[in-house]
Amino acid sequence: MSGKRARILIVDDNETIHDDLKKVLETRKETDRLEALKNELFGEDSKPSTPQIKTVEYSIDDAFQGEEAIEMVDKAAAEDDPYALIFMDARMPPGMNGVKTIQEIWKKHPDIEMVLCTAYSDYTWHKILEEFGSTDHLLFIKKPFDSVAIRQLTLSLTTKWDLARINRRYVANLESEVEKRTVKLNILVEQLSDEINQRKEKEKQLSILANYDSLTGLGNRFHFYKTIEKTIERAARDKNGKFALFFIDIDFFKQVNDLLGHDIGDLLLIQIAERLKSSFQGITPDYIKTSLEDTTKKYSSTVFRLGGDEFTTLVKAESVDQVVAIANQTIAEIKKPYFISNKEIIISCSVGISIFPDDASEQAELVKYADVAMYQAKESKGCCVLFDKIRDNEFLSKLALEEELKKALLNEQLVLNYQALIGHNHEIVGIEALIRWDHPRLGILLPNDFIPIAEKYHHMVEIGEYVLRTACRHLKELHNKGFNDLFIFVNCTNKQFYDPGFISIIESVLENSDLDPRFLKLGLEEEFSIKEPEKSLNIIKCLKDKGIQFGIDGFGKGKSILSFLSQVPENSLIKIDRSYVSNLEGHPNNVEFLHSILDLIKSRHLNAIVSGIETARQKEIISSKQCIVQGYYFNKPKEFNEFLEDITKLASVRSN
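Reading the values: rules and limits
Residues numbered from 1 in each chain as written. Predicted model: local features only at pLDDT ≥ 70, side-chain atom pairs only at ≥ 80, totals over all residues. Heavy atoms only, no water. Helix = DSSP H or I, 4+ residues; strand = E, 2+ residues; numbered from the N terminus. Expected span 1.5 Å × (residues − 1). Buried < 20%, exposed > 50% of the residue type's maximum accessible area, 1.4 Å probe, protein only. Salt bridge = Lys/Arg side-chain N within 4 Å of Asp/Glu carboxyl O. Phe/Tyr/Trp six-rings, centres within 6.5 Å; stacked < 30°, edge-to-face > 60°. Lys NZ or Arg CZ within 6 Å of the ring centre and 35° of its normal.

**Student:** Quick rundown of helix α10 (residues 262-279)? Include the residues and the values.
**Tutor:** Across its 18 residues, α10 extends 25 Å between first and last C-alpha, which sits within 8% of the 26 Å expected from 1.5 Å per residue. Among the residues making up α10, those that are buried are Ile264, Gly265, Leu268, Leu269, Ile272, Ala273, Arg275, Leu276 and Lys277.

This is the structure:
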């Protein structure tokens, strides 16, 4: 590139992003295939046929705020050493955002190539067009980045910038020469025309790099979204315009990468791409017109690789039966054995399908519905699923609830209720913290309504930390008001318990609340020990050494591991599931069985909490065993202020 390394500026308030981009860009080695492509694209002398290694290097600078970036760009231009490409973060508090920064830079330096990076959905492509108009100097990508894509677009954009700069300088010099040498005007014009044609050809090749996946030759994610947008526009003008969107995910592809290596995985993807191109040849909507005249058939504008092992395509939809038949034929084709490096590989694929305009007429919904159907298909694998609004309503509701759950903590919608734990002398000995979600649309939601969603989508550690901090703070407040001997029982899920930062969170919670550790009892799910017994006991021992006590929540709800009781620390609480209490009255055998369990727990020097006490008879049956009891018979769970008011009144009555 002009014999000089292209300058790149990374503008991001997160230093980690700088480091990650530099790792991707600073030492990239190209293979012979990429070197040959560069020779073809940019007209360099052909290289020897023997393998060569070439390093693409850039001069990379850092800026952490928009104002700093503007100053650096101005200085570089003044020193005639301008930046070719800028990676711009969309958000950089507390300074100006990425969009404003780009606008300010382009006022003076409109030729700099820009890549706008964001992890948020603040800026859609339509919004970017509203801000900047139609421009070929801007790409819009979302985090997390794909390293191959970053390298590819960096090479494309810096080369494009360099060619444009050369062209501008050449034209400027040419104009000067025209003035001095008018006699050579016709010759120079002819030379200039040749140069322009060559550069157009190279820009066409650069367009290929920007729109097509370098591994498979399929259209990339960017090309897919442009294609589906245009297809919807054209189909909407046709009263019979109907097409199906296929989302295709390769089953077990991760296992291929893990067991056979990424090189085999790449070769497998290439073969899958060829099968998909063959399967969908001639059955895409007539609206799709490829802008690339590729006589080699290397590139495909009808099948797209969204990334990893996810593919998509658009299919004519004359009938639902026809669409399903095409999907099943594709699945059968993908299931045929692959032979790579003397290895036979057998995989399958899952296909999700949405239909325009039957399912949706908007791009975002159509894509989302195909994606939802694909996830439904992956539950069985090797099959196709048509999106169905009625069938998938529950699935979509869960997705919507998950999105709302992300904001629940921020909006203070998660609250704690407290229920008293009653000792055998009828005194309150502790309280249990019970989480509730005060949903603005659905009302109060119990843990069973949202905790499974929180665990599935990895929100449980954050929610669990909030519960611990709030519960310990409230217990400390009770201690300060004179209820010095109360302990608090806080439930923890397996996700929390096995999180690497669990012990650190507990230490931080106790330090910030100034709570004596012996008053905190962590309720663990009964099956937690089955997962990793040795690891779980090590965590328990570490926290027990700090003075924390434990409870096993829901004992008897699943398959109990009674032998594990001998390994649980002494004085731990075993919380008996309410199902053992609900059928006591009038059933002597059930009473005898529950008493046996309580005797066993006591023989192990453990303590029991019996939950679900709702009648005087149930209380009477349990009272002989001198264990802690809990239930609506004594009190209902209440928010902290109400609970504090009740317990204060109760203490006042007893003191009188």
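Having seen the model, we can carry on.
**Student:** Break down helix α15 (residues 460-480) for me, with residues and values.
**Tutor:** Over its 21 residues, α15 runs 30 Å from end to end, which matches the ideal 30 Å to within 8%, given 1.5 Å per residue. All buried positions along α15 are accounted for by Met460, Ile463, Gly464, Val467, Leu468, Thr470, Ala471, Cys472, His474, Leu475, Leu478 and His479. Phi turns positive one or two residues past the end of α15, at Gly482, with a value near 110°.

**Student:** Can you explain the pattern of salt bridges? Please cite residues and give values.
**Tutor:** This structure, assessed with the given rule, holds 29 salt bridges. Note that Asp514 and Lys476 form a salt bridge whose closest N and O atoms lie 4.0 Å from each other. Residue Asp514 is found in the loop between α17 (502-513) and β20 (520-525), and its partner Lys476 is found in helix α15; the two are separated by 38 residues along the sequence. Where salt bridges share partners, they join Arg7, Asp61 and Asp81 into one cluster.

**Student:** Which residues make up unusual backbone geometry, and what are the values?
**Tutor:** Backbone torsion omega between Pro93 and Pro94 reads 10°, so that peptide bond is classified as cis. Residue position: Pro94 is located in the loop between β5 (85-89) and α4 (98-108). In the Ramachandran plot, Asn342 falls in the positive-phi region, its phi being about 65° despite a non-glycine side chain. Among the secondary structure elements, Asn342 is positioned in the loop between β12 (338-340) and β13 (343-345). Backbone geometry at Lys381 places phi at a positive 70°, although glycine is not the residue there. Looking at the secondary structure, you find Lys381 in the loop between α12 (363-378) and β15 (384-386). Judged by its relative accessible area of 34%, Lys381 falls in the partly exposed class.

**Student:** Just give me the short version of the packing of aromatic side chains, but keep the residues and values in it.
**Tutor:** Aromatic rings considered in pairs are described by the distance between their centres and by the relative angle of their planes. Throughout the structure, instances matching the rule amount to 13 aromatic pairs. Ring centres of Trp437 and Phe450 lie 5.6 Å apart, and the angle between their planes is 80°; this geometry places the pair in the edge-to-face category. Placement of the pair is Trp437 in strand β17 (residues 428-439) and Phe450 in helix α14 (residues 447-456), with a sequence separation of 13 residues. Trp437 sits in the buried class, given a relative accessible area of 0%. Considering the side-chain rings of Phe497 and Phe502, the 5.8 Å spacing of their centres and the 55° angle between planes classify their relative orientation as tilted. Assessed through its relative accessible area of 3%, Phe502 is described here as buried. By way of ring pairs, the aromatic residues Phe224, Tyr225 and Phe304 are connected into one cluster. For the cation-ring pair, Arg275 lies above Tyr338, with the distance from its terminal atom to the ring centre recorded as 3.6 Å. Residue placement shows Lys521 over the ring face of Phe487; its charged tip is 4.9 Å from the ring centre.

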